[in-house]
Amino acid sequence: MASSFPSVSELVSDARRVYAQVFGDEAPQTAVCAPGRVNLIGEHTDYNQGFVLPMALPLVTVVVGSQTSGQDVTVVTVNEDTDEPRRVDFILPTDGSPLAPGLPSWANYVKGVIEHYRAPPVPGFRAVIASSVPLGGGLSSSASLEVAFYTFLQQLKPDDGDKVSKAVACQKAEHTHAGVPCGIMDQFVSVLGREGQALLIDCRSLETTSVPLADPGLLILITNSNVKHSLTGSEYPMRRRRCQQAASILGKDSLREATMQDLEEARDRLDDVTCRRARHVIEEIERTVHAADALKRGAYKEFGKLMVESHNSLRDLYEVSCRELDELVSAALEVEGVFGSRMTGGGFGGCTVTLLQASAIDRTILHIQERYSGTPTFYVTTPSEGARALSLP
Ligand code: ADP
Ligand code: MG
């Protein structure tokens, strides 16, 4: 009943088939993949230098391809859910001039990664992309695409292999070439994710701590609301700016440095909205540390309660939820065996994440289907491995 998604080997087969169609019968030399992610708790904390607790998903972006002798690049995406041409051709500059963003827009993620690759110059190549991460669904298809491409380039021309720098290069690619001022979480977990582990990331020091989440009696259900309200684009930079303003009024480098007491003391210098936004961030950072500790102790009920508090704070204080996400969370929480549920990702649509007993999975999906006014998509997941090279048959 739970919706299934293609396995890594099915994606590789799809990509190889398209590779053969586009480039003749020649087989690709290399295959790699990088996962999408779901954030279990710690929302809108990453760009405030706080903590996040994501895990890598079994949903991945696969890249297969080969180096060529010249400076030509051809990339084809198998994914049909883009209105743009699915093939792009460009030439790598040899005079040191930058590879500028352009159309199709999806190719900018690839160009950005080439531009920030840590062992330039990149050789010419042909590649095909196939992904099971929904595009624009809040599970970070963009970071999985960047990290998969970086991993692909590492196969063609190795860099020094430093994983943190790899994630940072992919984040820069998204900043400079996709124009999205994202935090570090998505690329980090796509690079460093481990099977059976969530990853507590300190977005200030970039230190990571693995948090075991490999209980066979436990599952993570992701429910895609399949809505995306157009607010997303404008609201995200506005939230970021307001957090920066709040931090500077409090005399801090970031809201990570601030306490609820600081906020109280500055109350008359902050307008209501800024105050609510800052309160969410300060409390959510603390909640995330607490939640990671609960998970380490196997205290799933406690963890679930923190998930719900996080959702309520995102809805009421940060105001990035929407009717559909609230409906999905309420429906999940009505089912016995569900520990907690919350919206995940930037908000205004996208997905919810639910921690539940494995034995409750079927009834939870059924109940959400009955209660949700839209058409949801479900992904039943456990924490999975980060980016990796794949062996080709
Ligand atoms: P999310 O990262 O939550 O999925 P984004 O808007 O950040 O949403 O990134 C989605 C964009 O990433 C797509 O619109 C497309 O440009 C690009 N993208 C991601 N995966 C692919 C893919 N497999 N093929 C082509 N483009 C992709
Ligand atoms: Mg993204």
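Residues numbered from 1 in each chain as written. Chains lettered and ligands numbered in written order. Predicted model: local features only at pLDDT ≥ 70, side-chain atom pairs only at ≥ 80, totals over all residues. Heavy atoms only, no water.

Put simply, the rule is: UniProt positions are given in the numbering used here, feature names are shortened, and annotations may be inferred rather than shown by experiment.
Under an unreviewed UniProt entry, the name given to the protein is Galactokinase, and the source organism is Cottoperca gobio. Looking at the Sequence similarities (unreviewed entry) heading of the UniProt record, one finds this comment for the protein: "Belongs to the GHMP kinase family. GalK subfamily." Per UniProt, the comment on the protein under Function (unreviewed entry) is "Catalyzes the transfer of a phosphate from ATP to alpha-D-galactose and participates in the first committed step in the catabolism of galactose."

**Focus: the overall build of the protein**
For clarity, the threshold we go by: Numbering of helices and strands starts at the N terminus; helices are DSSP runs of H or I of at least 4 residues and strands are runs of E of at least 2. Restricting the calculation to C-alpha atoms gives the radius of gyration, and the globule rule supplies 2.2 Å times the number of residues raised to the power 0.38. Working definition: with a 1.4 Å probe on protein chains only, accessible area under 20% of the residue-type maximum means buried, over 50% means exposed, and in between means partly exposed. Only heavy atoms matter for contacts: two residues are in contact if any of them lie within 4.5 Å across the pair.
When helices and strands are tallied, the protein shows 11 helices and 12 strands. Taken over C-alpha atoms, the radius of gyration comes to 21 Å for the protein, in line with the 21 Å a tight globule of 393 residues would show. Projected onto the principal axes, the alpha-carbon positions of the protein cover approximately 60 × 50 × 35 Å. Scored against the burial criterion, the 393 residues of the protein give a buried share of 56%. Expressed as a percentage of contacts within the protein between residues at least 6 apart in sequence, the contacts between residues at least 24 apart total 72%.

**Notes on the confidence of the model for the protein**
Where we set the bar: pLDDT expresses, on a scale from 0 to 100, how confident the predictor is about each individual residue.
Put simply, the protein has an average pLDDT of 95, and 98% of its residues get 70 or more. Across the whole predicted complex the pTM is 0.95, and at the interface the ipTM reaches 0.99.

**Here's the deal with the packing of helix α2 (residues 107–116) against helix α4 (residues 163–178)**
Which entries qualify depends on this criterion: Structural elements are reduced to axes, namely lines fitted to C-alpha atoms, with helices fitted over the stretch in contact, and the angle between N-to-C directions of any two is expressed from 0 to 180 degrees. In this scheme, roughly parallel covers angles under 35 degrees and roughly antiparallel covers those over 145, while 65 to 115 is roughly perpendicular and the rest are oblique. In this scheme the handedness of a crossing depends on how the near helix is turned from the far one: anticlockwise by less than a right angle means left-handed, clockwise means right-handed. In this count, Pro and Cys sit with the nonpolar residues alongside Ala, Val, Leu, Ile, Met, Phe, Trp and Tyr, while Asp, Glu, Lys and Arg are called charged and the others, Gly among them, polar.
Packing of α2 against α4 brings their axes to within 8 Å, and their N-to-C directions diverge by 125 degrees. One way to sum up the angle between α2 and α4 is to call them oblique. Relative to α4, α2 is oriented so that their crossing is right-handed. Across the interface between the two elements, N108, Y109, K111, G112, V113, E115 and H116 from α2 touch A169, K172, A173, E174, T176, H177 and A178 from α4. Across the contact of α2 with α4, the residue classes tally to five nonpolar, five polar and four charged.

**Overview of helix α5 (residues 185–192)**
Here α5 lies mainly inside the structure; eight of its eight residues are buried. Within α5, the full set of buried residues consists of M185, D186, Q187, F188, V189, S190, V191 and L192. Those residues of α5 that are buried lie in contact with β1 (30–41), β2 (51–67), α3 (141–156), α4, β6 (197–202) and β7 (208–212).

**Quick notes on the domain arrangement of the protein**
Operational definition: As used throughout, domain bounds are those supplied by an automatic or database domain assignment. Simply put, the buried area is the total loss of 1.4 Å probe accessible area from both parts when two parts are fitted together. Here, a salt bridge means any side-chain nitrogen of Lys or Arg that lies within 4 Å of a carboxyl oxygen of Asp or Glu. For the purposes of these results, a polar contact is taken to be a pair of N or O atoms within 3.5 Å, where, inside protein, one atom must be able to donate a hydrogen and its partner to accept one; residues adjacent in sequence count only when each atom of the pair is a side-chain atom.
Split by domain assignment, the protein resolves into domain 1 (8–212 + 384–390) and domain 2 (218–381). On a C-alpha basis, the centroid separation for the pair domain 1 and domain 2 is 26 Å. Counting residues at the interface gives 33 residues for domain 1 and 40 residues for domain 2. In total, domain 1 and domain 2 occlude about 3000 Å² of area from one another, counting both sides; carbon and sulfur atoms represent 67% of this. Along the contact surface separating domain 1 from domain 2 lie three salt bridges. Of the charged contacts, one joins E257 and R204 as a salt bridge, the two residues approaching to 2.3 Å between their closest N and O atoms. Counting the contacts that link domain 1 with domain 2 gives 16 residue pairs in polar contact (both at pLDDT 80 or more). Elements represented by at least two residues in the side of domain 1 that touches domain 2 include exactly β1, β2, β6 and β7. Ranked by the residues each element gives to the side of domain 1 that touches domain 2, the list is headed by β2, at seven residues.

**Observations concerning the side chain of T364**
Within the secondary structure layout, T364 lies in helix α11 (residues 361–371). At 2.6 Å, the side chain of T364 forms a polar contact with the backbone oxygen of A360. In contact with T364, other than residues within four places in its own chain, are L221, V335, V338 and L356.

**Quick word on the packing of aromatic side chains**
To keep things clear, this is the line we draw: Centres within 6.5 Å are what make two rings of Phe, Tyr or Trp a pair, Trp counting through its six-membered ring; a difference in plane orientation under 30 degrees is then read as stacked, over 60 as edge-to-face, and the rest as tilted. Here, over-ring charges are defined by two tests on the NZ atom of lysine or the CZ atom of arginine: distance to the ring centre within 6 Å, and angle to the ring normal within 35 degrees.
Per the counting criterion, the structure on display carries eight aromatic pairs. An angle of 50 degrees between the planes, with centres 6.2 Å apart, marks the rings of F5 and Y379 as tilted. Of this pair, F5 sits in the segment before α1 (8–23) while Y379 sits in strand β11 (residues 377–381), and the two are 374 residues apart along the sequence. Residue classification places F5 among the partly exposed positions, given a relative accessible area of 23%. Between Y300 and F339, the ring centres sit 5.7 Å apart and the planes meet at 50 degrees, which makes this aromatic pair tilted. Here Y300 is found in helix α9 (residues 300–316), whereas its partner F339 is found in strand β9 (residues 338–344), with 39 residues between them in sequence. Of the two residues, Y300 and F339, both sit in the buried class. One aromatic cluster is present, formed by F125, F149 and F152 through successive ring pairs. Against the face of F90 rests K111, its NZ or CZ located 5.2 Å from the ring centre. Directly above the aromatic system of Y318 lies the positively charged group of R239, at a separation of 5.7 Å from the ring centroid.

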